[in-house]
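# Descriptive analysis of the structure
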Number of protein chains: 2
Amino acid sequence: MPSPEFFQVLPVADALKLLDSHWQPTPAREFIATADALDRISAAEVVSPEAVPAFRKSTVDGYAVRAADTFGASQALPAFLEVIGEIKMGEIPGRDIGSGQALAIHTGGMLPEGADAAVMIETTQVIGGGEIEAMRAVAPGENVIQAGEDVAAGAAILSGRHRLRAADIGGLLAVGVEQIEVLRPPRVGILSCGDELLPPAVAPPPGKVRDINAYTLSALAQTLGAEPLRLGIARDTLEDYRARAEAGFAESDILLLSAGSSVSARDYTRDVINGLGAPGLLQHGLATKPGKPTIIAVCEDKPVIGLPGNPVSALLVARQILPHLIARFLGQTLERPPLIRARLALRVASETGREDWLAVRLRATDEEYPLAEPLFGKSNLIFTLVGADALLRVPLNSGGLDAGSLVDVAPL
Amino acid sequence: MPSPEFFQVLPVADALKLLDSHWQPTPAREFIATADALDRISAAEVVSPEAVPAFRKSTVDGYAVRAADTFGASQALPAFLEVIGEIKMGEIPGRDIGSGQALAIHTGGMLPEGADAAVMIETTQVIGGGEIEAMRAVAPGENVIQAGEDVAAGAAILSGRHRLRAADIGGLLAVGVEQIEVLRPPRVGILSCGDELLPPAVAPPPGKVRDINAYTLSALAQTLGAEPLRLGIARDTLEDYRARAEAGFAESDILLLSAGSSVSARDYTRDVINGLGAPGLLQHGLATKPGKPTIIAVCEDKPVIGLPGNPVSALLVARQILPHLIARFLGQTLERPPLIRARLALRVASETGREDWLAVRLRATDEEYPLAEPLFGKSNLIFTLVGADALLRVPLNSGGLDAGSLVDVAPL
């Protein structure tokens, strides 16, 4: 039996910087329908092919007028205007207006030639005989959107590496951009290794367990906007592990190896990773619990992460690493996940030199903040996590957190 | 031309309470693959069909032993144990152990009969002749997970109306639950009305514009976990509007009508909604800007919302209403969207009696918080929203917000 491993552990943030210094992602691009592009990342700046609006529009229900005809108008001394017709929605005004004339218009209606403003219906009064009184003056351009005022043809409307939101999809479609070039999301390959592992569909005989890392890590990758690739389970031989890792590596932009529980599988992981290409293994051991035996590597410009085999450890470490990798792949600034402020129910101790992640349950109280109750007991059990609401980070070298202190917990 | 409308406006929260008092959603259920169930809502409590682990396991690399054989052991006075073999990962131990015996075991390995604890390899030393020294005592059960310790067969592992997270998918698959009954997400029908509207694929002739509300509202619904149904564009006649609304209503769980810009379309909306069923229109007019002319209705136990036709107004109002409706449909507590704390660059005024929503751009500064710069100008232009990073809510009756104050803005 090989001797136990001792690691020179590195804080997660430092390990990610080390990785970044060896990795320049080059995401592929693809054209997709703008209507389907929610949350996708634009590949390049987009320029508007059209002006919006394409024509001068009224922003009110009322009358298109010459502003000069209303100058000085007031309730006491209204301006009289002859209404010569109505501009129908979606149509070109049938006629121009001249001095002293007005055309009824609706919000969004096209201004006729001759008009340079609109008066709101609320400031007018119909006096019969085809005439109205305008009881308030309007300035030229008042209650009107000029052609191109929303956006000019040729103006940049979207920068590259921009995450598309509902409003952006609206803006793009408003100028007829029906296809948009976006980055292809990273393919995150996930390979498990271990003779004790079986796919979840198989009822495991005594001694064996279902491999669930492929599914928890897929779900995490999906949440982060990546495309998960489940690469199956490698047998606990160097040959099978290597063959499956190489095949999976070829299809992946980021490769996660979750290295069973057996000592040999753990040992193979280093060799398998170094065999995938230079520079290979960069760091073995992170200052985090769970997750200490994690491997950080870059092979031929792709990150390769060796995760612990325990499902809880694998998921909690991947949560610390994968968001960074996917954001960097897509040229995004990593957003801090939303945190929930809570009051800690019990003192939690922590060893110096590592960051601890503890599962907590949140309980509403009369107080403003919920109570965060750490779920003690065996932290490596998946149902501890299933029963938890959030994770509490006990910072590096904090010596723990006191009962009653306010903490920020990350929803699971 | 009809006379202008005056509304008795209601704060959005009150309008939603009014709606809830007339609406009891009854979501349909469906079975789907657990592996695909991320973010779906469980329809009912799930009970574990199996115990996890199914067998006693070691949590360390080391030796399976009888704890009693190690009692009193120390570095100075180790216990001697005869190693009678190794338990391979994923296999049933070939043999039991007796007093003074040990079997080498790996993390996750199955404990043999006769053993009741495991000693960590780090606390042992191989002394040759098939013997080891155990230099630390272990208690019965130490470094062992008992069968069923993670979860017992028959235990409730998931409550109903629970949003499935990565860990939950892992837990379900760990006990072989490969299919799960979830709620069918609400179908949000979206119908636009107006003679000036054309689908985005059509280059609009002068006077007409592309209808983008179907797409911005679809994207919003999608973000919220609903299934959008784009119902097309109704012509500005009561007959066409009614026919399309009725057909769309039949397929939808929630119906959004965005009622063009023309006065007649706006008038039709009330009639069309009341024609869809009782109780019909509940409130016309919200104390929010943009969005004042919004209609809140329930017809035959489905919410029907009449939105303004302007794309910015429609989207900003829908952001205030749709999250509540979808959360309630799925039996979820509405989570406050993540907010960004920012320092307000300029004073913003606000009228008493309504809540204002202002588009802001966020600019990083030397300070801890970004600077929130309100994008003034015409708030009803879609590219004002495209150029914005977030929305600032100016609370009801606040009289505005001062320059330099800290505000929470909602990312767009």
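Residues numbered from 1 in each chain as written. Chains lettered and ligands numbered in written order. Predicted model: local features only at pLDDT ≥ 70, side-chain atom pairs only at ≥ 80, totals over all residues. Heavy atoms only, no water.

### Regarding the overall build of chain A
Formally: Secondary structure is summarised from DSSP: a helix means a run of H or I of at least four residues, a strand means a run of E of at least two, and numbering begins at the N terminus for each. Restricting the calculation to C-alpha atoms gives the radius of gyration, and the globule rule supplies 2.2 Å times the number of residues raised to the power 0.38. Any residue under 20% of the maximum accessible area for its type is buried, any over 50% is exposed, and the rest in between are partly exposed; the area is computed with a 1.4 Å probe on protein chains only. Per-residue and other accessible areas were derived by the Shrake-Rupley procedure at a 1.4 Å probe size, with only the shown protein chains allowed to occlude residues. Asp and Glu are treated as the negative residues and Lys and Arg as the positive ones, with His and the ends of the chain left uncounted. All charge positions are set by atom: Lys at NZ, Arg at CZ, Asp at CG, Glu at CD.
For chain A, the count of helices and strands is seven helices and 26 strands. Rg of the C-alpha trace for chain A: 32 Å, well past the compact-globule value of 22 Å for 412 residues, more than 25% over. The dimensions of chain A, computed from C-alpha atoms along their principal axes, are 105 × 55 × 40 Å. Across the 412 residues that make up chain A, the buried fraction comes to 53%. Element-wise, carbon and sulfur atoms account for 51% of the exposed surface of chain A, whose accessible area totals about 16,800 Å². Averaging the positions of the 36 positive and the 50 negative side-chain charges in chain A gives two centres separated by 9 Å.

### Some thoughts on the sheet that holds strand 17 (residues 254-258) of chain A
All names here are of chain A. Just so we agree on the cut-off: Only when DSSP finds a minimum of two bridges between them are two strands counted as paired. Every axis corresponds to a line fitted to the C-alpha atoms, with the helix fit spanning only the stretch in contact, and the corresponding angles, defined between N-to-C directions, vary from 0 to 180 degrees. The contact definition used throughout considers only heavy atoms, calling two residues in contact when any of these lie within 4.5 Å.
With mixed pairing, the six strands of this open sheet are ordered in space as 16-13-17-21-20-18. With one partner strand each, in any of the chains shown, strand 16 (227-234) and strand 18 (279-284) form the two edges of the open sheet. Strand-to-strand twist across the sheet, computed as the mean angle between neighbouring axes with direction ignored, equals 20°. Relative to strand 20 (residues 295-299), strand 18 runs antiparallel, the two sharing five bridges. Bridging across to strand 20, Pro-279 finds its partner in Cys-299. Running at roughly 170° to strand 21 (residues 302-307), helix 6 (residues 311-329) makes contact with strand 13 (187-193), strand 17, strand 20 and strand 21 of the sheet.

### Description of the environment of B:Gly400
Residue and element names in this part refer to chain B. In this fold, Gly-400 is placed in the loop between strand 25 (390-394) and strand 26 (406-411). Residue class for Gly-400 comes out buried when judged on its relative accessible area of 12%. Along the primary structure Gly-400 and Ile-212 are separated by 188 residues, whereas in three dimensions their C-alpha atoms are 31 Å apart.

### Notes on the packing of aromatic side chains
Applicable threshold: Only Phe, Tyr and Trp rings take part, Trp by its six-membered ring, and two of them pair if their centres are within 6.5 Å. Stacked means planes under 30 degrees apart, edge-to-face means over 60, and tilted covers everything else. Both a distance and an angle decide whether a charge sits over a ring: NZ of Lys or CZ of Arg must be within 6 Å of the ring centre and within 35 degrees of the ring normal.
Summed over the entire model, instances satisfying the criterion amount to zero aromatic pairs over all chains. The ring of A:Phe249 has A:Lys302 sitting right over it, with the charged end atom 4.5 Å from the ring centre.

### Some thoughts on the interface of chain A and chain B
This is how the line gets drawn: A quick way to say it: buried area is the sum, across both parts, of accessible area lost when two parts are put together, with a 1.4 Å probe. In the sections that follow, a salt bridge refers to a side-chain nitrogen of Lys or Arg positioned within 4 Å of a carboxyl oxygen of Asp or Glu.
Taken together, the contact pairs 76 residues of chain A with 76 residues of chain B. Here chain A and chain B share an interface that buries about 6,200 Å² over both sides, 67% of which is from carbon and sulfur atoms. Taken together, the connections running from chain A to chain B amount to two salt bridges. Note that B:Arg210 and A:Glu50 form a salt bridge whose closest N and O atoms lie 2.8 Å from each other.

### Side note on the pattern of salt bridges
All names here are of chain B. Under the criterion given, the structure shown has 34 salt bridges over all chains. Between Glu-30 and Arg-40 there is a salt bridge, with the nearest N and O atoms lying 2.6 Å from each other. Here Glu-30 is found in strand 1 (residues 29-33), whereas its partner Arg-40 is found in the loop between strand 1 and strand 2 (46-47), with ten residues between them in sequence. Overall, Glu-30 belongs to the partly exposed group, its relative accessible area being 27%. As a salt-bridge pair, Asp-253 and Arg-184 come within 3.3 Å of each other at their nearest N and O atoms. Linking Asp-253 in the loop between helix 4 (238-251) and strand 17 (254-258) with Arg-184 in the loop between strand 12 (179-183) and strand 13 (187-193), this pair joins segments that are 69 residues apart in sequence.

### Remarks on the relation of the copies chain A and chain B
One copy of the chain maps onto the second through a rotation around an axis plus a translation along that axis. How we decide: Superposing copies: least-squares fit, C-alpha atoms only, residues required to have pLDDT of at least 70 in both.
Overlay of chain A on chain B (RMSD 0.0 Å): rotation 180°, translation along the axis 0.0 Å. Seen this way, the second copy is the image of the first under a two-fold rotation axis. Across chain A, the smallest distance between a C-alpha and the rotation axis is recorded for A:Pro338, namely 3.0 Å. Take the interface residues of chain A: 100% of them recur as interface residues in chain B, which is what a same-surface contact looks like.

### Some details on the pairing of strand 22 (residues 340-344) of chain A
One face of the sheet, then the other: side chains in a regular strand alternate in exactly this way. The pairing of strand 22 of chain A with strand 26 (residues 406-411) of chain A spans four bridges and is classified as antiparallel. Bridge assignment links A:Arg341 to a residue of strand 26 of chain A, and that residue is A:Asp408.

### Section: the side chain of B:Ser313
All names here are of chain B. Along the chain, Ser-313 falls in helix 6 (residues 311-329). By relative accessible area, which is 11% here, Ser-313 ends up buried. Residues within four places of Ser-313 in sequence aside, it is in contact with Pro-290 and Pro-308.

### Quick look at the sheet that holds strand 7 (residues 117-120) of chain B
Residue and element names in this part refer to chain B. Read from one edge of the open sheet, six strands run 7-4-6-5-9-8, paired in mixed fashion. Whereas interior strands pair on both sides, the edge strands pair on one side only; in this sheet they are strand 7 and strand 8 (124-128). Taken pair by pair, the neighbouring strands of this sheet meet at an average axis angle of 40°, ignoring direction. Pairing of strand 8 with strand 9 (residues 131-134), which is carried by four bridges, proceeds in the antiparallel orientation.

### Considering the pairing of strand 21 of chain A
Residues and elements named next belong to chain A. For strand 21, the buried fraction is high: six of the six residues fall into the buried class. Across four bridges, the pairing between strand 17 and strand 21 is parallel. Looking across to strand 21, one finds that Leu-255 is bridged to Val-304. Two successive antiparallel strands, strand 20 and strand 21, enclose a turn made up of two residues, where Glu-300 displays a positive phi of approximately 45°.

### A short note on the confidence of the model for chain A
Residue and element names in this part refer to chain A. To be explicit about the condition: Per-residue confidence from the prediction method is given by pLDDT, with values spanning 0 to 100.
The predicted model of chain A has a mean per-residue pLDDT of 93, with 96% of residues at 70 or higher. Here residues 1-6 scores under 50 on pLDDT; set against residues more than four positions off or in separate chains, the count is 13 contacts. If you check the scores for this complex, the pTM reads 0.92 and the ipTM reads 0.92.

### Focus: helix 1 (residues 12-20) of chain A
All names here are of chain A. Note the following rule: This arc corresponds to the set of directions leading from the helix axis out to the C-beta atoms.
Every buried residue of helix 1 is listed here: Val-12, Ala-15, Leu-16, Leu-19 and Asp-20. Projection of helix 1 onto a plane perpendicular to its axis shows the buried side chains occupying an angular sector of 140°, all on one side. The inward-facing, buried residues of helix 1 contact strand 18, strand 19 (288-289), strand 20, strand 21 and helix 6.

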